[in-house]
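These are the residues of each chain, in order.
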Amino acid sequence: MEFQEFSAKTVSDCITEACTTLGVPSDRLVYEVVTEGSTGFIGIGAKPAIIKARVKSEEEMVAAVEEEAISQKAALEAEKIAMEAKNEVVDEKAFEAKKEAIDAKVTEATAPKETGRGGKVLTDEEIEEVKAAADKFLKDVFASMQMEVEVTSEFARLDNTLSIDLAGDDMGVLIGRRGQTLDSLQYLVSLVVNKGTHEYIRVKVDTENYRKRRKDTLENLAKNQAYKVKSTRRSVVLEPMNPYERRIIHSALQNDNYVTTHSEGEEPYRKVVITLKK
């Protein structure tokens, strides 16, 4: 997975935003600090902290577990040697049990996984319950809006993603301004399906291929504004966007040799800024 850039007030906030956006805990994150940021003088001249982050691969996770196991075993041996040097009684069985527990963790980490995140696999029954919960919630919402909407859902075991497609008349109402209503529906469905589950389920709600069309629009916007920055040599501040849309802009320009991007402001008015590379 390629590095993505995240910006916030502090490095800690950057890490939190990266974990939220990528949907992983902090121990699954690889990051590099681009700049620590600064508060400026009474807020004047403040600069955001910036990091580049990506999700650790399964190979990296396994390597980390194996390295930790070697370190733990070495510590056990050192403890045992120290006890023997002091003529203290060594409980061989207890030491062997600790070593076996360490080996068990390595075995669990290196065992083949059926999900992309290496977590527990949802059963067919659990998947059907998740889909039914999402379907019921959405139909209740549409009934209150007096709208007839067809709900179709698919579940991908590889990355625990529930994809929901909505079809019907006047879907523009459900999309809302710049997809805000669709994003709200997606967020609420995520809360519903993740209540009480042992594995985090990513939810994607779409209608009339809006997500793809919006992505294409934002990528074109990013390239056009990057060209403007190169031509005028002045930074460009884009309109406020949600984290998903900001990520599209960052990704579209991350390999550009002449411009760089970062985010400024507080949610929900956080904006992407495109600037020339120094």
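Look above for the structure.
Just so it is clear, the model here is predicted, and its values are computed rather than measured.

**Section: the overall build of the protein chain**
Point 1. Within the protein chain one finds 8 helices and 9 strands.
Point 2. Relative to the compact-globule value of 19 Å for 278 residues, the protein chain shows a C-alpha radius of gyration of 24 Å, a clear excess of over 25%.
Point 3. C-alpha atoms of the protein chain, sized along the principal axes, occupy 80 × 55 × 35 Å.
Point 4. Here the protein chain holds 278 residues, and the buried ones make up 33% of them.
Point 5. Looking at charge distribution, the protein chain has the averaged site of its 41 positive side-chain charges lying 8 Å from that of its 50 negative ones.

**A few points about the nonpolar core**
Proteins that are soluble and globular tend to have nonpolar side chains buried together.
Point 1. Ranked by internal contacts, the top residues of the largest apolar core, which has 25 residues, are L138, F142, L162, I164, L166, L174 and V193.
Point 2. Looking at this core, the elements with two or more residues in it are helix 4 (124-144), strand 4 (149-156), strand 5 (161-168), helix 5 (172-175), helix 6 (180-193) and strand 6 (202-207).
Point 3. Not counting chain neighbours up to four residues away, the residues in contact with L162 comprise V130, K131, A134, S153, E154, F155, V193, I201, R202, V203 and K204.
Point 4. Counting 14 residues, the second largest nonpolar core, distinct from the first, contains V11, C19, A49 and V55.

**Some remarks on unusual backbone geometry**
Point 1. One non-glycine residue, E208, adopts positive backbone phi at about 50 degrees.
Point 2. Its relative accessible area of 48% is what places E208 among the partly exposed residues.
Point 3. Phi is positive for R233, close to 60 degrees, though the residue is something other than glycine.

**Details of the pairing of strand 3 (residues 49-55)**
Point 1. Where burial is concerned, most of strand 3 is hidden: 6 out of the 7 residues are buried.
Point 2. Where strand 1 (residues 4-8) lies against strand 3, 5 bridges are found, and the strand directions are antiparallel. Across the sheet, A8 pairs through a bridge with A49, a residue of strand 3.
Point 3. As paired strands, strand 2 (residues 29-35) and strand 3 are joined by 6 bridges and run antiparallel to one another. The residue of strand 3 that forms the bridge with T35 is I50.

Scoring rules and cut-offs
Residues numbered from 1 in each chain as written. Predicted model: local features only at pLDDT ≥ 70, side-chain atom pairs only at ≥ 80, totals over all residues. Heavy atoms only, no water. Helix = DSSP H or I, 4+ residues; strand = E, 2+ residues; numbered from the N terminus. Rg over C-alpha atoms; globule rule 2.2 N^0.38 Å. Buried < 20%, exposed > 50% of the residue type's maximum accessible area, 1.4 Å probe, protein only. Lys, Arg positive; Asp, Glu negative; His and termini not counted. Charge placed at Lys NZ, Arg CZ, Asp CG, Glu CD. Core = buried A, V, L, I, M, F, W, Y, C linked by side-chain atoms within 4.5 Å. Contact = heavy atoms within 4.5 Å. Pairing = 2+ DSSP bridges.

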